[in-house]
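If you want the building blocks of each chain, they are given just below.
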Amino acid sequence: MKRTFAICGAILLAACVSLAQEKPAEPTHDMEHMHHGGFMQGGMHHAVAKGVKLDAKVDAAAHTVTLRVGPMNLPAHTSHMKMPQPPDLVWDVPIDGWLLAYHPKLVDAGGNAVPGTVLHHVAFWNENRADFLCPNKEEHIFGAGSEMTDWAEMPGYGYRVEKGNKIRVETMMYNPTATSYDKAYLEVVIPFQEVSGDANAAPRKNVYPAWMDVKSCGDSSYDVPPGRSEKTGSVTVKYEGVLLGVGGHMHDYGRQIVLQDASRKETVATLGAKSDAQGHLESVPVKLFVQEGGYKFAKGDVLKVSATYDNPTGNLLRDGAMGIAVGYFAASDDAKMAALRRNPKMSHDMAGMSHDH
């Protein structure tokens, strides 16, 4: 099995950590005050790409659902600031059970592969639950970027969903390459296990996505100055449990992400990014703690995440960076996590939105 989980750009489904802010937000039961995003910066305004839909196909025999976002036209040499972006789209979860993994890919209308380079990031948010580290945000269950990290299944674990849960899909594209792509689609294949399915299937332990962001509990993007730079953020763990693994998400010219448990003065993981000769990000590694039974977090532990960039362009890159450590968290007392449930109040009457079931 590939030792890669999902990450937000490399967004890890099987590693878990946290984001934080110096003054952690108190949980609110009013979804209207909940931060509606985390990757999409509130200050950025893009033209809306027309005709982009979300299509969901369930394969009952294979126990998979395939989410498909598109079509998207991606002209060559177009930045994420200038590219018309898909609207937020919402998937209504059709099952009671667990989502087990996330396998992203980009294809054209003929099914041919499109390079992951053109995916700036995609983010899946569960509008029915708050993030356990940043309760001002909805729960960020999956993400991917140009690394296209594959979130592999963790035996015995899964992400619990209920029929009718609303998963918001935010997608941002760009195209730094010399090739234009017409009618590109983002496809994410999600294996699942139903609660009332195979009698021989053992129940899954619930995992919670943990996102530790150098922007703490705010929006994730930030400017990258010329040369070498480092940005650090922190978050406080609110529940006792274990981190099963951790990966990272960065953008071009990213060098490494370091996650620390500041309360213990321990380095949890150092993740060195791999880039091509032009500095385009190719991958961020994943570190697993499963064999040791997970990396234990105590309630109140302060986690710090640092991201290092080396920008050779000589220019300030506006919103050019993200620095996120992400993984799966298993709580010692899962019953306490019920406090994260929310009832969405927002409407999604946005151009191009499709409520596919």
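Notes on the structure in this doc start here. The shown structure was predicted, so the numbers you read here are calculated from the model rather than taken from an experiment.

**What to know about unusual backbone geometry**
Step number 1: Note the cis peptide between Gly70 and Pro71, where omega equals -5 degrees.
Step number 2: Tracing the backbone shows Pro71 in strand β2 (residues 64-74).
Step number 3: Positioned with a positive phi, His63 is a non-glycine residue whose angle comes to about 55 degrees.
Step number 4: Judged by relative accessible area, His63 falls into the partly exposed class, the value being 38%.
Step number 5: At Asp319, a residue that is not glycine, the phi angle is positive and equals roughly 50 degrees.
Step number 6: Here Asp319 shows up in strand β23 (residues 317-321).
Step number 7: According to the relative accessible area criterion, Asp319 is buried, its value standing at 16%.

**Things to note about the sheet that holds strand β22 (residues 302-311)**
Step number 1: The sheet built from 4 strands is open, its strands ordered β14-β22-β16-β17 with antiparallel pairing. With one partner strand each, in any of the chains shown, β14 (227-236) and β17 (266-272) form the two edges of the open sheet. Neighbour to neighbour, the strand axes of the sheet diverge by 15 degrees on average, direction disregarded.
Step number 2: Bridging between strand β16 (residues 254-261) and β22 involves 7 bridges; their strand directions are antiparallel. Residue pairing across strands places Asp261 opposite Leu303, the latter belonging to β22.

Reading guide: rules and limits
Residues numbered from 1 in each chain as written. Predicted model: local features only at pLDDT ≥ 70, side-chain atom pairs only at ≥ 80, totals over all residues. Heavy atoms only, no water. Helix = DSSP H or I, 4+ residues; strand = E, 2+ residues; numbered from the N terminus. Buried < 20%, exposed > 50% of the residue type's maximum accessible area, 1.4 Å probe, protein only. Pairing = 2+ DSSP bridges. Axes fitted to C-alpha atoms, helices over the stretch in contact; angles between N-to-C directions.

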